[in-house]
Number of protein chains: 4
Amino acid sequence: MVIQVAVCGPRDCTSEDESNAREVGRLLAERGAVVICGGCTGVMAAVAAGARSAGGTVVGVLSGADRADACPDLSIVIPTGAGEARNAIIVNSGDAVIVIGGSWGTLSELALAMRRGGVPVVQLGGWRVLDRDGRPLTGVEHASTPQEALALTRLWPDRLRPGR
Amino acid sequence: MVIQVAVCGPRDCTSEDESNAREVGRLLAERGAVVICGGCTGVMAAVAAGARSAGGTVVGVLSGADRADACPDLSIVIPTGAGEARNAIIVNSGDAVIVIGGSWGTLSELALAMRRGGVPVVQLGGWRVLDRDGRPLTGVEHASTPQEALALTRLWPDRLRPGR
Amino acid sequence: MVIQVAVCGPRDCTSEDESNAREVGRLLAERGAVVICGGCTGVMAAVAAGARSAGGTVVGVLSGADRADACPDLSIVIPTGAGEARNAIIVNSGDAVIVIGGSWGTLSELALAMRRGGVPVVQLGGWRVLDRDGRPLTGVEHASTPQEALALTRLWPDRLRPGR
Amino acid sequence: MVIQVAVCGPRDCTSEDESNAREVGRLLAERGAVVICGGCTGVMAAVAAGARSAGGTVVGVLSGADRADACPDLSIVIPTGAGEARNAIIVNSGDAVIVIGGSWGTLSELALAMRRGGVPVVQLGGWRVLDRDGRPLTGVEHASTPQEALALTRLWPDRLRPGR
């Protein structure tokens, strides 16, 4: 089975988020992974553009019911019409989940990915969550670069080891 | 944008349904269409097998949350975890909807496709719906063969005309 | 636990459907059952009005996300924002499902109720479904009157016996 | 229209969360508000118990499809079978959202409530969210007691002013 990676992020994002998303998309496509995203603007459009630039496959799982509202660069469009309930579907579709940047919708996807459990969840930029004692929550991996984000998914373990 | 066709049918189907589904999958793949199905057994597994045999792309939109429960021959798996609510997502994802064989779940997909409106809905075998006066409902196209099912979607109009 | 009955039907219905829905709502409320409906116009508004006229409780499970779009006479509004995926939620919420009148959306609810299995499904008017040999499908109970519809749910068995 | 308040929290919660949830439920019922919760254990069961102890109405919107899995003290059960997609439905159903305690599922509901916008979102205990510069996010109201949580929803403004 081909590897699928869910990539989440705000529809209104910073230029750094956009640049990171584009690079994450490109790197995932180079490794042959299918990218699953929300098919809207911002990080979603950028990760799709990056993946397509490297010949990759990108699935957009839309909140709306109209395929015409999807961002460009999607290979396949799933217009769920299910509203924000589609966030759970996106994070459920990845062998890993990469979250880029911060917004309330994006935070819901990070939280749903952690709630799901059993798959790596990697954050690149964005918001931070503290427990009731003010300590960072464990479980989310934090990356500083797109390359590190892919490494922390541990989906391509031999690429992590120098000399291989 | 690539053409997407939703193909629906029972998880427990007749051998004729299975054979039809396999052929519909093959024909759709030959025309370059992406097949969207429910990713389970029966018609769903058969249309996936047919499409893959011709090098096509097949997306399985599962009712369950576990990718491991998907049928083979899927290119991409979307494990929604949304139960039967996923039926609406499948029919919403097609530029046309082809329904093969009959079951209550399949009938719900036929009905949701007609409820959606605006896209061709083609039935190949299966159940019949009559209005309160005992007359067949209009709107659903009825095909006798896989070839006719594709023709009735009107997605490839020039293929309908002999001599081309 | 209080008995819950899902009542489904078209947003554009006949006056006979509307009258039937109102009476079904009234009878359910008299028996102390909570009515679950789609919270829109037509049969949905009529069953809510009938139940409220008898002091009953009615839950409207909306397809849209805005509570303001609900019909009057609802006790509680659940604006799912999940589109037609809410149909599965409605039929899943009843100890029995009563379907009044015919439309594609209504047929999807009838089919999902039968797909669910394990609860009585009663039709009052509306469309008919035939199998591939032209025979009526078994499993759906057909009522001619609101009183008969309630009786066929078998939720109040002692009321079926004359002399009680 | 009756006021509806969504109350979210972990299925495994602290005893303080449980005590707070019970009191929030009781206070909401006293004010005549319908409580919408997830119908599971922990905070969900406690808010239901509190509301019922004061004669209130509580709706449990379950992730599963089986009504038998609901916590006691629910007036009405909506077994969605939609998995975590039901979180969006819960927060969408409140004229205000009160979040008690912390877990990933609970955080997804807090985030979806803020994503929805337009309704007060109040947190009582639980996790904290910081933006990328380490500053607390604005928009969520933080309460220290059940009484303050209700006050911060601003649904009963005259109760906030002494002397009225």
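Quick note: structure is the one above.
Residues numbered from 1 in each chain as written. Chains lettered and ligands numbered in written order. Predicted model: local features only at pLDDT ≥ 70, side-chain atom pairs only at ≥ 80, totals over all residues. Heavy atoms only, no water.

Participant: Would you mind going over the sheet that holds strand 4 (residues 76–79) of chain C in detail, with residue names and values included?
Facilitator: Residues and elements named next belong to chain C. The sheet built from seven strands is open, its strands ordered 4-3-2-1-5-6-8 with parallel pairing. Pairing within the sheet leaves two strands with one partner each, and these edge strands are strand 4 and strand 8 (141–143). Each strand of the sheet is rotated relative to its neighbour by a mean of 25°, with strand direction disregarded. Strand direction decides the pairing type here: strand 2 (residues 34–37) and strand 3 (residues 58–62), joined by three bridges, are parallel. Each bridged residue has a counterpart across the sheet, and for Val35 the counterpart in strand 3 is Val58. (Pairing = 2+ DSSP bridges. Helix = DSSP H or I, 4+ residues; strand = E, 2+ residues; numbered from the N terminus. Axes fitted to C-alpha atoms, helices over the stretch in contact; angles between N-to-C directions.)

Participant: Explain the packing of aromatic side chains to me, using residue names and the numbers behind them.
Facilitator: The tally for this structure, following the rule as stated, stands at four aromatic pairs over all chains. Measuring from centroid to centroid gives 5.0 Å for Trp104 of chain B and Trp127 of chain B, while their planes differ by 80°, and the two rings are edge-to-face. Of this pair, Trp104 of chain B sits in helix 4 (residues 104–116) while Trp127 of chain B sits in the loop between strand 6 (121–124) and strand 7 (128–130), and the two are 23 residues apart along the sequence. Accessibility classification places Trp104 of chain B together with Trp127 of chain B in one group, the buried group. A cation over an aromatic ring shows up here: Arg31 of chain C above the ring of Trp156 of chain C, its NZ or CZ 5.9 Å from the ring centre. (Phe/Tyr/Trp six-rings, centres within 6.5 Å; stacked < 30°, edge-to-face > 60°. Buried < 20%, exposed > 50% of the residue type's maximum accessible area, 1.4 Å probe, protein only. Lys NZ or Arg CZ within 6 Å of the ring centre and 35° of its normal.)

Participant: So what's going on with the interface of chain D and chain A? Which residues, and what values?
Facilitator: The accessible area lost on association of the parts is a frequent measure of interface size. Between chain D and chain A, the residue contacts involve 27 residues of the former and 27 residues of the latter. Sorting the residues of chain D by area buried against chain A places Trp104, Arg115 and Arg132 of chain D first, and these three jointly supply 33% of that buried surface. Put simply, chain D and chain A have four salt bridges between them. In this structure, the salt-bridge partner of Arg115 of chain D is Glu84 of chain A, at a minimum N-O distance of 3.3 Å. Inspection of the region where chain D meets chain A yields six residue pairs in polar contact (both at pLDDT 80 or more). (Contact = heavy atoms within 4.5 Å. Buried area = accessible area lost by both parts, 1.4 Å probe. Salt bridge = Lys/Arg side-chain N within 4 Å of Asp/Glu carboxyl O. Polar contact = N/O pair within 3.5 Å; in protein donor to acceptor, adjacent residues only side chain to side chain.)

Participant: Give me the lowdown on the pairing of strand 6 of chain B, citing residues and values where you can.
Facilitator: Residue and element names in this part refer to chain B. By the alternation rule, side chains of strand 6 split into Val121 and Gln123 and Val122 and Leu124, which are all buried. Here four bridges tie strand 5 (residues 96–100) to strand 6, and the two strands are oriented parallel to one another. From the neighbouring strand, Val99 faces strand 6, where its bridge partner is Gln123. Regarding topology, helix 4 serves as the crossover connection from strand 5 to the parallel strand 6, and that connection is right-handed. For strand 6 and strand 8 (residues 141–143), the ladder comprises three bridges, and the chain directions are parallel. In the strand pairing of strand 8, Gln123 is matched with His142. (Right-handed = clockwise from strand over helix to strand, strands pointing away.)

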